[in-house]
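# Summary of structural features
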Amino acid sequence: RLTECEVTGDHSLAARYVSTLAFTLAGIAVAMVALATVFVPLLPWAAWLRIDDPRAAAEAAAAIWAACIFTALGVLAGLAGAIYTGHQESHRNVVWDGVAKIATLAASFLVVLVPSWGTVGVLAAATGVPVLVRLANLGWLLVAEKPWLRPSLSGFDRGLLGGLLRDGVMMFLLQAACVLLFQSDKLVIATGQGMDEVTAYSIVGRLFLMGYGVYMMYLTPLWPATGEAIRRGDFTWVAGRIRGAAIAGVTMMLALGAVLLGALGFGEAALRRLTHGAEVPISAGLVVATTAMFACRAWVDAFSTALSS
């Protein structure tokens, strides 16, 4: 929606979209905090989670409450990333993401130095700190970078909310499907083949995910870029960029597969170097199959970028 407003130069409509979504997300966050505060202390978490250690049992409710609070705040904090993406300013989003990661690292050291904070401290460092950084990012964005997008109650529009919810529900279903697909695979393998096969699959998959992350650095900025080009009617540019991205992604995955097969050919020493010393039997068939899977995924994700935008 913001990309469309940027193309038409309609800052007023963009502000209404941001106001509508900001107040809706804030309401959701407040409701989540209220529900967690009321119900979490009343529920038998230690029994449900089968916690035997008395210290862990004592921390369970507080830890789950903290996780709920950080999740609620994260609902609102995600608005900053959406605004940056809509305006093709992914570089600013990456900078703030880096700040959040550095702050998380510093907080993690602090938790180690003060272990009395327990599980709540770990959650605060791992989840709470990056959320707080992104909330600060959102405040800076709306005050200093793009003050015309600053939310106001007068800008809340129920009609716009309906369109946002329809799109949001569809995107949520797509993302949930992807999460299920790429998290249930290990469960299926463990059930059908055993945990040893899961270990080998996870190591190979992790190596490919590292390479795929590099590909996504190239692909992600194409989402708002193709969105703008489509709204300007420049379909030739979109087609060329998407084809190029698909070919680049498939080539990268095939090259990574070739490197892993080469490591298998050079023996266990080369393989252990690639897998950080793990002594796990990895077959050539597994590498070939994983290469094919990620090559297909790279091709599909390239075209999905244009369809999503």
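All values derive from a computational prediction rather than experimental measurement.

Following the sequence through the fold, Ala26 ends up in helix α2 (residues 11–39). Note: C-alpha distance between Ala26 and Cys68 (42 residues apart in sequence) is 14 Å.

Bringing the environment of Gly159 into the picture now. For Gly159, the position within the fold is in helix α8 (residues 158–192). Along the primary structure Gly159 and Leu76 are separated by 83 residues, whereas in three dimensions their C-alpha atoms are 20 Å apart.

All chains considered together, the criterion is met by 5 aromatic pairs. Each ring, one from Phe208 and one from Phe294, has its centre 5.3 Å from the other, and the planes form 15°; the classification is stacked. One end of the pair, Phe208, is in helix α9 (residues 195–219); the other, Phe294, is in helix α13 (residues 284–308), and 86 residues separate them in sequence. In this pair, the class of Phe208 matches that of Phe294, namely buried. Members of the aromatic cluster, connected to one another through ring pairs, are Phe208, Tyr212, Tyr215 and Phe294. Here the basic side chain of Arg297 rests over the ring of Tyr212, its NZ or CZ set 4.7 Å away from the ring centre.

As a packed pair, helix α4 (residues 54–77) and helix α7 (residues 118–145) sit with axes 9 Å apart at the nearest point and diverge in direction by 15°. It follows that α4 is roughly parallel to α7 by the angle criterion. Of the two elements, α4 crosses α7, and the hand of that crossing is left-handed. Facing α4, whose interface residues are Glu59, Ala62, Ala63, Ala66, Ala67, Phe70, Leu73, Gly74, Leu76 and Ala77, α7 presents Gly118, Thr119, Val120, Leu123, Ala124, Thr127, Gly128, Val131, Arg134, Leu135 and Leu138. Partitioned by chemical class, the residues of the contact of α4 with α7 number 14 nonpolar, 5 polar and 2 charged.

Phi at Arg50 is positive, roughly 55°, even though this residue is not glycine. Within the secondary structure, Arg50 is located in the loop between α3 (45–48) and α4. Since its relative accessible area comes to 75%, Arg50 is described here as exposed. A positive phi angle, close to 55°, is found at Gln88, a residue other than glycine. Among the structural elements, Gln88 can be located in the loop between α5 (79–86) and α6 (90–113).

A separate point is the environment of Ala302. Note on placement: Ala302 falls in helix α13. Residue classification places Ala302 among the buried positions, given a relative accessible area of 0%. Between the C-alpha atom of Ala302 and that of Leu219, which follows or precedes it by 83 residues, the distance is 7.0 Å. Apart from the residues lying within four places of it in its own chain, the contact partners of Ala302 are Tyr215, Leu219, Ile242, Ala245 and Ala246.

Let us now look at the packing of α8 against α9. For the pair α8 and α9, the least separation of the axes is 7 Å and the interaxial angle reads 145°. Two packed elements cross with a definite hand, and for α8 against α9 that hand is right-handed. On α9, the residues that touch Asp185, Lys186, Ile189 and Ala190 of α8 are Met195, Glu197, Val198, Tyr201 and Ser202. In the contact of α8 with α9, the residues fall into 5 nonpolar, 1 polar and 3 charged.

Glancing now at α8. Its 35 residues give α8 an end-to-end C-alpha distance of 49 Å, which sits within 8% of 51 Å, the value for a rise of 1.5 Å per residue. At Ser184, α8 shows its strongest bend, of approximately 35°. Inspection of α8 places Leu160, Leu161, Gly163, Leu164, Asp185 and Ile189 among the buried residues, and these make up the whole buried set. Residues of α8 that are buried in the fold lie against α2 and α9. Of the residues that open α8, the one with a side-chain oxygen 2.8 Å from the backbone nitrogen of Gly159 is Asp157. In the stretch just after α8, Gly194 is the one whose phi turns positive, near 110°.

All right, on to α13 then. Compared with the 36 Å implied by 1.5 Å per residue over 25 residues, the 35 Å span of α13 between its first and last C-alpha is a close match. Of all the residues in α13, the buried ones are Leu286, Val287, Thr290, Thr291, Phe294, Ala295, Ala298, Ala302, Thr305 and Ala306.

Scanning the entire structure with this criterion turns up 11 salt bridges. With a shortest N-O distance of 3.7 Å, Glu89 and Arg92 are connected by a salt bridge. On the accessibility criterion, Glu89 (16% relative accessible area) is buried. In this structure, Asp97 engages Lys101 in a salt bridge whose closest nitrogen and oxygen atoms are separated by 2.8 Å. Within this pair, Asp97 and its partner Lys101 are both found in helix α6, separated by 4 residues, close to a single helical turn. Sharing partners across several salt bridges, the network here consists of Glu89, Arg92, Glu145 and Lys146.

Basis of the calculations
Residues numbered from 1 in each chain as written. Predicted model: local features only at pLDDT ≥ 70, side-chain atom pairs only at ≥ 80, totals over all residues. Heavy atoms only, no water. Helix = DSSP H or I, 4+ residues; strand = E, 2+ residues; numbered from the N terminus. Phe/Tyr/Trp six-rings, centres within 6.5 Å; stacked < 30°, edge-to-face > 60°. Buried < 20%, exposed > 50% of the residue type's maximum accessible area, 1.4 Å probe, protein only. Lys NZ or Arg CZ within 6 Å of the ring centre and 35° of its normal. Axes fitted to C-alpha atoms, helices over the stretch in contact; angles between N-to-C directions. Parallel < 35°, antiparallel > 145°, perpendicular 65-115°, else oblique. Left-handed = near helix turned anticlockwise from the far one by under 90°. Contact = heavy atoms within 4.5 Å. Nonpolar A, V, L, I, M, F, W, Y, C, P; charged D, E, K, R; others polar. Expected span 1.5 Å × (residues − 1). Bend = angle between axes of the 7 residues up to and from the residue. Polar contact = N/O pair within 3.5 Å; in protein donor to acceptor, adjacent residues only side chain to side chain. Salt bridge = Lys/Arg side-chain N within 4 Å of Asp/Glu carboxyl O.

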